[in-house]
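What follows is the residue order along each chain.
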Amino acid sequence: MTLVGIAIAAGLGIGGIYGLVAMGYTLIMASSGVFNFLQGTIVMGGALTMYWLWQLEGWPFLSVIVIVAGGGLLVGMMSYAAAVQPVVARHGVSDLTETTLVTTFGLGLALNSIVALVFGYTTYPVNSYVSNNPWFIDGIPIRPIYVVMLGVTLLIVIVMEILLKRTTTGLVLRATVQDAEGARLAGIKVTKVVLWAFGGAGILAAVAGLMMVPVTQASQGIANNLALFGFAGMAIGGYGSFKGAFIGGLIVGLATTIPAIWVNPSLVSTIIYGLMIVILLIRPRGLFGTAGSFGSARLRSV
Amino acid sequence: MTTATTTKDTGSRPAGPNPTGVGGLVRSIARRSAVGPSTGRKPTLVGPGIVLVVLALIPLMTNSGFELSRLELILTYMMVAIGLNFGFGLAGQLSIAQPVIMGVAAYTAGLLNVNQGWNAWATLVPALVAAVIIGMLLNAPGFRLRGWYLAITTFFAVLVFPSLVTAAQRWTHGSTGLGPITSWPGIIGTTPQVQFEFVLGLTAVCWLAVWAIAYSKWGVLLRSMRDSPNAAGASGVNMPMLSLAVSALASLPVGLAGWVFAHSAELISPNSFGFNLLLLLMASVMLGGRGTLWGPVIGTAVFETLSLYIGAFSVYNSIILGFGVFVCATAFPTGIVPPVREFFRVRLAKVQIAGEPSLAGPELDSSVAAAVSTTPPLHAPEAPAAASHAAHAQAEPVLKLTGIHKAFGGNLVLDDVNVDLYPGKVHGLVGPNGSGKTTLLNVITGFVSRDGGTVLLRGQPVPNLRPYQIARRGIRRSFQVPQVIGELSVAENMRLGALGAPPQAGEESVATSRKAEVPRRVVKAAEELGLSAEYLDMPVKELPLGLRRIVEIGRAMVAEPAVICLDEPAAGLPEEDLVVLQQTLHRVAAGGCAVLLIEHNLSFVREVADVMIELQDGNVAEITELRSLHDDRRAKAGGQAGAGTPTAAAGTGRPEATR
């Protein structure tokens, strides 16, 4: 029972991370119809920066947070400029999702390998940024870092929902999602909105990498795993919904930790794959998904 | 309308907003440069044969078994790339699980060989069967998911497979590798030269199979799957079945490669079938050009040679491949094969024109008025037409809709709609935005299922069916944005309309021949539409919107349907094209077909329609017989038969359409 309790706590903590990546995907997908495969690379970048600046160089934690978030913003925006903008400029938005899938995939794997040139394929342990002394609930030890990971993600979900539903920024974003051409005619600079969406998603991914690194440790290889587990979170939780992405992330998190009590841990990715396929076959739009994004009736299958 | 300006020396289109006048030289070059296998050009195997012979001579140049085994590896990956290109490039199926399919085939062969002692020949069939089954299973989510979702789920499978093999290490020996796997018994396994020729032969068979399919009627079906899936459904093609068939076929070369890989490598381990292989395949297909026959061959030759030189698992190799995918996809999305082919073809065309101008081919004007005759239908002259009209007036409706209901969520879009469509008549469906016009058309054609009401086609009830089933019963449609296959010719696009229908005895034997000949049904439909025969060879991507709409109507006509539904065929067309379209619709109706068209342009509807059906808030507000007016206009048109166009009624003051 204690084992299951620990697994649930760990699953919710790491699930928050997958949720963050999934929300980044949703933000980009909703605003531009692009699946940015580089999100996994940015997570890995955040994790390795944390190892380098914090663990090795001993920089203050707050300054590392600022640098990682700023780096995420920059790389996110650059991924748009490098892998999406040229495609749009060449042949508009028809088949944009499919084409950018290939461009971001290629660029992402190339960057991952460049990182491997510097850091190799080694896994580096990183100390926790909060106390390692567990809190006990009902005799079950819970690492504070899991609470931080889940808590920060929850906070981001709430802020995002408010931003989207209550502010002009959110209105602009939703208008762009609903009808990019109409938004353009209404004077919205769609490209600028999309650029910021890529940047915002970059921040989410980089912060996710920073937060999770004491648990997962830092290595080049986490990029592909995070990219795909984040996608599983989005697909399971729901296409075009932040709440769905968050809950989908938690489901994926729990599916990585709970079955590992009983089965071979190398089967974790198989279990998540199977779970994702089953849910998608029953409900292609995911548990909380809508036909369009953010509850819009219009299907944006781009 | 301008007349075509014939300038043999200019090599560019005349500047100006209306590029209708195009020189014969440009046109003839454009006709030759149709991308991909297209009609009008007889497929030849001379080039591929020469390449094969040159490759087969390689063992004479080297005695090194090591070099030959490296070349075999390139050929093996070529087969996988051919499989990827078949599914992804030709049929547009976004499935990238080829490393898994290859791995499953390799492990099937390896396990049977190592554990059961089956020799290399005995493992072939099990390996292929395993590849086909896993290929179809991995693509199964595609029936429910949008394309790019399928791409990522299959990519996920590539992440999963090595860990599954590792987890099952009791049987697979995990990452240490499964072996030793024995080579082919007899001469193939013992002589490197013969083994090389053997693998080369298998690769050639895979290439040739794709070549044969690309030039057959299957080539049209596969490209329709990629470029115009809705149109394929509306032409009676059972898309889920076709998609399943493509999954199975595309797995065959991949499974074959897995089998070859297992028996020539002797030891197989899971990391041979991971991201590195996927990256190599994608880079190769993107570099060569997706959907081309030579693309995967050239791409794999370049990148795998590079990989062997750098080291397949080196960091630099994945950097190069990753950037290769990225640069190819952003900078030359068509790959290198189409531009190279274009270059040679243009040169060829220039040489031929310089030598013998007559070879330049007939000069074609790509405007609608030039391509489509505006004279009244030949087989329905004026007087009999009027008589047949009188006959139709008493005729039974060919399609009878009673009490049609449709709601989206709580929004009632169609509320008790009753409409009758009569053979030989044009029915204009008009109404404000949101009145349910498009929904009604989608209900009739099966793209939207109705909630209530009955549909009778020739007196027979039609239940809620899939679009392809409705199309097979004789109801065809067009789309507001024409759904055509750009790289194929007009004739091949029209032919799609006949491919989905159940085969008709006698007819089909003519239609399936793999020559540049045009099926008889297509010629007949073109004649009925008044489309000039020389336009049948034009690639559709070069046609203006108006002609694409005519092509869509032609695609429907090929099936000799009872009802044709047209979704705003006049939208966005210039005034002079409307006159042609109007005449085309009259020709279609004169053949006895019931035409239903959605239209916003009321004056156009008044010109073209016999009956005007007005929808308002999901109800039929009014049905107006326009026949009297119509006959009046026909009489006028008949009065000035020499002009050939009903210009008086159109009121555009447009000069007569002559070529």
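Since the model is a prediction, treat every value here as computed from it, not as a measurement. (Residues numbered from 1 in each chain as written. Chains lettered and ligands numbered in written order. Predicted model: local features only at pLDDT ≥ 70, side-chain atom pairs only at ≥ 80, totals over all residues. Heavy atoms only, no water.)

1. Looking at the overall build of chain A
Right, so step 1: Along its length, chain A carries 11 helices and two strands.
Right, so step 2: Sequence-ordered secondary structure for chain A, helices as α and strands as β, is α-α-α-α-β-β-α-α-α-α-α-α-α.
Right, so step 3: A globule of 302 residues ought to have a C-alpha radius of gyration of about 19 Å, and chain A, at 19 Å, matches this closely.
Right, so step 4: Taken along the three principal axes of its C-alpha coordinates, chain A extends 60 × 45 × 35 Å. (Helix = DSSP H or I, 4+ residues; strand = E, 2+ residues; numbered from the N terminus. Rg over C-alpha atoms; globule rule 2.2 N^0.38 Å.)

2. Some details on the confidence of the model for chain A
All names here are of chain A.
Right, so step 1: When pLDDT is averaged across chain A, the result is 88; 94% of the residues are at 70 or more.
Right, so step 2: No element of chain A has a lower mean pLDDT than helix H6 (residues 168-178), which averages 77, and none a higher one than helix H2 (residues 38-56), which averages 95.
Right, so step 3: Under a pLDDT of 50 for its full length, residues 293-302 has, in the predicted model, 37 contacts with residues more than four places off or in other chains. (pLDDT = per-residue confidence, 0-100. Contact = heavy atoms within 4.5 Å.)

3. Regarding the nonpolar core
Among soluble globular proteins, nonpolar side chains are generally buried collectively.
Right, so step 1: Within the largest apolar cluster, 193 residues are counted, with the highest numbers of intra-cluster contacts made by A:Phe231, B:Trp148 and B:Phe156.
Right, so step 2: Each residue touching B:Trp148, except ones within four places of it in the same chain, is listed here: A:Met29, A:Phe35, A:Thr97, A:Glu98, A:Leu101, A:Phe231, A:Met234, A:Tyr239 and B:Leu94.
Right, so step 3: Of all hydrophobic cores here, the second largest spans 47 residues; its members include B:Val522, B:Leu566, B:Leu581 and B:Met612. (Core = buried A, V, L, I, M, F, W, Y, C linked by side-chain atoms within 4.5 Å. Buried < 20%, exposed > 50% of the residue type's maximum accessible area, 1.4 Å probe, protein only.)

4. Concerning the packing of aromatic side chains
Right, so step 1: Summed over all chains, the structure comprises 31 aromatic pairs over all chains.
Right, so step 2: With a centroid separation of 5.0 Å and an interplanar angle of 15°, the aromatic rings of A:Phe61 and A:Tyr129 are classed as stacked. Residue A:Phe61 is located in helix H3 (residues 61-91), and its partner A:Tyr129 is located in the loop between helix H4 (96-119) and strand E1 (135-137); the two are separated by 68 residues in the primary sequence.
Right, so step 3: With a relative accessible area of 25%, A:Phe61 lands in the partly exposed category.
Right, so step 4: Here A:Tyr129 falls in the buried class, since its relative accessible area comes to 16%.
Right, so step 5: Measuring from ring centre to ring centre gives 6.4 Å for B:Tyr77 and B:Phe261, while their planes differ by 35°; the resulting arrangement is tilted. Taken together, the positions of B:Tyr77 in helix H4 (residues 65-90) and B:Phe261 in helix H13 (residues 239-265) put the pair 184 residues apart, joining distant regions of the chain. Of the two residues, B:Tyr77 and B:Phe261, both sit in the buried class. (Phe/Tyr/Trp six-rings, centres within 6.5 Å; stacked < 30°, edge-to-face > 60°.)

5. Here we look at the sheet that holds strand E8 (residues 594-598) of chain B
Pairing between the strands of a sheet comes from backbone hydrogen bonds, and it takes one of two forms, parallel or antiparallel.
All names here are of chain B.
Right, so step 1: Taken together, the six strands give an open sheet; going across it, the order is E6-E7-E8-E3-E9-E10, and neighbouring strands pair in mixed fashion. Each edge of the sheet is formed by a strand with only one pairing partner; in this case those strands are strand E6 (475-477) and strand E10 (619-625). For this sheet the average axis-to-axis angle between neighbouring strands, irrespective of direction, equals 20°.
Right, so step 2: Two strands pair when backbone bridges link them, and strand E7 (residues 563-567) and E8 are joined in this way by five bridges, in the parallel orientation. Looking at the pairing, Val 563 lines up with Ala 594 of E8.
Right, so step 3: Packing of helix H20 (residues 437-445) onto the sheet brings it into contact with strand E3 (426-430), E6, E7, E8 and strand E9 (611-616), and relative to E7 it is tilted by some 145°. (Pairing = 2+ DSSP bridges. Axes fitted to C-alpha atoms, helices over the stretch in contact; angles between N-to-C directions.)

6. Concerning helix H15 (residues 295-310) of chain B
All names here are of chain B.
Right, so step 1: In this model H15 runs 22 Å from its N-terminal to its C-terminal C-alpha over 16 residues, within 8% of the 22 Å that 1.5 Å per residue would give.
Right, so step 2: If you check which residues of H15 are buried, you get Gly 295, Pro 296, Val 297, Gly 299, Thr 300, Phe 303, Glu 304, Ser 307 and Leu 308. Buried residues of H15 fall within an arc of 160° about the axis and therefore sit on the same side.
Right, so step 3: Directly after H15, the chain includes Gly 311, whose backbone phi takes a positive value near 110°. (Expected span 1.5 Å × (residues − 1). Arc of directions from axis to C-beta.)

7. Section: the pairing of E9(B)
Residues and elements named next belong to chain B.
Right, so step 1: Across four bridges, E3 lies against E9 in parallel orientation. Looking at the pairing, Val 430 lines up with Glu 614 of E9.
Right, so step 2: Summarising the sheet, E9 and E10 pair through six bridges and their orientation is antiparallel. Bridge pairing in E10 places Glu 614 opposite Glu 622.
Right, so step 3: A loop of two residues connects E9 with E10, the two strands running antiparallel in sequence, and Asp 617 in this loop sits at a positive phi of about 50°.

8. As for unusual backbone geometry
Residue and element names in this part refer to chain B.
Right, so step 1: For the bond running from Gly 179 to Pro 180, omega is -5°, close enough to zero to count as cis.
Right, so step 2: Mapped onto the fold, Pro 180 is located in the loop between helix H8 (169-172) and helix H9 (187-190).
Right, so step 3: A positive phi angle is found at Glu 568, which is not glycine, with a value near 45°.
Right, so step 4: According to the relative accessible area criterion, Glu 568 is buried, its value standing at 11%.

9. Details of the packing of H2(A) against helix H9 (residues 222-237) of chain A
Residues and elements named next belong to chain A.
Right, so step 1: Running from N to C, H2 and H9 cross one another at 130°; their axes reach a closest spacing of 7 Å. Taken together, the axis directions place H2 and H9 in an arrangement best described as oblique. Crossing of H2 over H9 shows right-handed handedness. Here Gly 40, Thr 41, Val 43, Met 44 and Ala 47 of H2 lie close against H9, whose contacting residues are Ile 222, Ala 223, Leu 226 and Ala 227.
Right, so step 2: Classifying every residue of the contact of H2 with H9 gives seven nonpolar, two polar and no charged. (Parallel < 35°, antiparallel > 145°, perpendicular 65-115°, else oblique. Left-handed = near helix turned anticlockwise from the far one by under 90°. Nonpolar A, V, L, I, M, F, W, Y, C, P; charged D, E, K, R; others polar.)

10. Considerations on the environment of B:Thr191
Right, so step 1: If you trace the backbone, B:Thr191 turns up in the loop between H9 and helix H10 (192-215).
Right, so step 2: Each C-alpha atom, one on B:Thr191 and one on B:Gly65, is 8.6 Å from the other, the two residues being 126 residues apart in sequence.

11. Digging into the sheet that holds strand E5 (residues 460-461) of chain B
All names here are of chain B.
Right, so step 1: Reading across from one edge, E2-E1-E4-E5 is the order of the four strands in this open sheet, with antiparallel pairing throughout. The open sheet has two edge strands with one neighbour each: strand E2 (411-421) and E5.
Right, so step 2: Pairing geometry for strand E4 (residues 452-457) and E5, over two bridges, is antiparallel. If you follow Leu 456 over to E5, its bridge partner there is Pro 461.
Right, so step 3: Sitting on the sheet, H20 is in contact with strand E1 (399-408) and E2, with an inclination near 115° to E1.

12. A few points about the pattern of salt bridges
Two side chains of opposite charge can pair, provided their charged atoms sit close to one another.
Residue and element names in this part refer to chain B.
Right, so step 1: In this structure the tally under the stated criterion is 10 salt bridges over all chains.
Right, so step 2: The partner of Glu 487 in a salt bridge is Arg 226, with the nearest N and O atoms 3.2 Å apart. Of the two residues, Glu 487 is situated in the loop between E6 and helix H22 (490-499) and Arg 226 in helix H11 (residues 217-227); the sequence distance between them amounts to 261 residues.
Right, so step 3: With a relative accessible area of 14%, Glu 487 lands in the buried category.
Right, so step 4: Arg 226 gets classed as partly exposed once you look at its relative accessible area, which sits at 21%.
Right, so step 5: A salt bridge links Glu 528 to Lys 524; the shortest N-O distance between them is 4.0 Å. Here Glu 528 pairs with Lys 524, and both are found in helix H24 (residues 520-529), just four residues apart, close to one helical turn.
Right, so step 6: Owing to a relative accessible area of 21%, Glu 528 belongs among the partly exposed residues under this scheme. (Salt bridge = Lys/Arg side-chain N within 4 Å of Asp/Glu carboxyl O.)

13. Details of the interface of chain B and chain A
Right, so step 1: Contact residues are listed per partner, giving 36 residues for chain B and 50 residues for chain A.
Right, so step 2: In this assembly, chain B and chain A are joined by zero salt bridges.
Right, so step 3: Inspection of the region where chain B meets chain A yields five residue pairs in polar contact (both at pLDDT 80 or more).
Right, so step 4: Listing elements by their share of the side of chain B that touches chain A, those giving two or more residues are helix H7 (147-167), helix H14 (275-288) and helix H16 (315-331) of chain B.
Right, so step 5: Examining the composition of the side of chain B that touches chain A, we find that 13 residues originate from one element, H7(B), more than from any other.
Right, so step 6: Residues that form the side of chain B that touches chain A fall into these classes: 29 nonpolar, five polar and two charged. (Polar contact = N/O pair within 3.5 Å; in protein donor to acceptor, adjacent residues only side chain to side chain.)

14. Regarding the side chain of A:Thr97
Right, so step 1: With respect to the helices and strands, the residue A:Thr97 is situated in helix H4.
Right, so step 2: Polar side-chain contacts of A:Thr97 include one of 2.7 Å to the backbone oxygen of A:Gly33.

15. Remarks on the pairing of E4(B)
Residue and element names in this part refer to chain B.
Right, so step 1: Pairing geometry for E1 and E4, over five bridges, is antiparallel. Bridge pairing links Leu 399 to Leu 457 in E4.
Right, so step 2: Where E4 folds back on E5, the antiparallel hairpin that results is connected by two residues, among which Arg 458 adopts a positive phi of roughly 50°.

16. What about the side chain of B:Thr292?
Residues and elements named next belong to chain B.
Right, so step 1: Residue placement: Thr 292 occurs in the loop between H14 and H15.
Right, so step 2: Relative accessible area serves as the criterion here: at 7%, Thr 292 is assigned to the buried category.
Right, so step 3: In this structure the side chain of Thr 292 is engaged in a polar contact, spanning 2.7 Å, whose partner is the backbone oxygen of Gly 289.
Right, so step 4: When residues no more than four places from it in sequence are discounted, the contact partners of Thr 292 are Asn 85, Val 337 and Pro 338.

17. A closer look at a nonpolar patch on the surface
Right, so step 1: Taken together, the side chains of B:Val53, B:Leu57, B:Leu60 and B:Met61 make up a nonpolar region of the molecular surface, amounting to roughly 450 Å² of accessible area.
Right, so step 2: As for its placement among the helices and strands, B:Leu60 is situated in helix H3 (residues 58-61). (Patch = residues over 30% accessible without salt bridge, like charges linked within 9 Å, V, L, I, M, F, W, Y side chains within 5 Å. Areas by Shrake-Rupley, 256 points an atom, 1.4 Å probe, with all protein chains shown as cover.)

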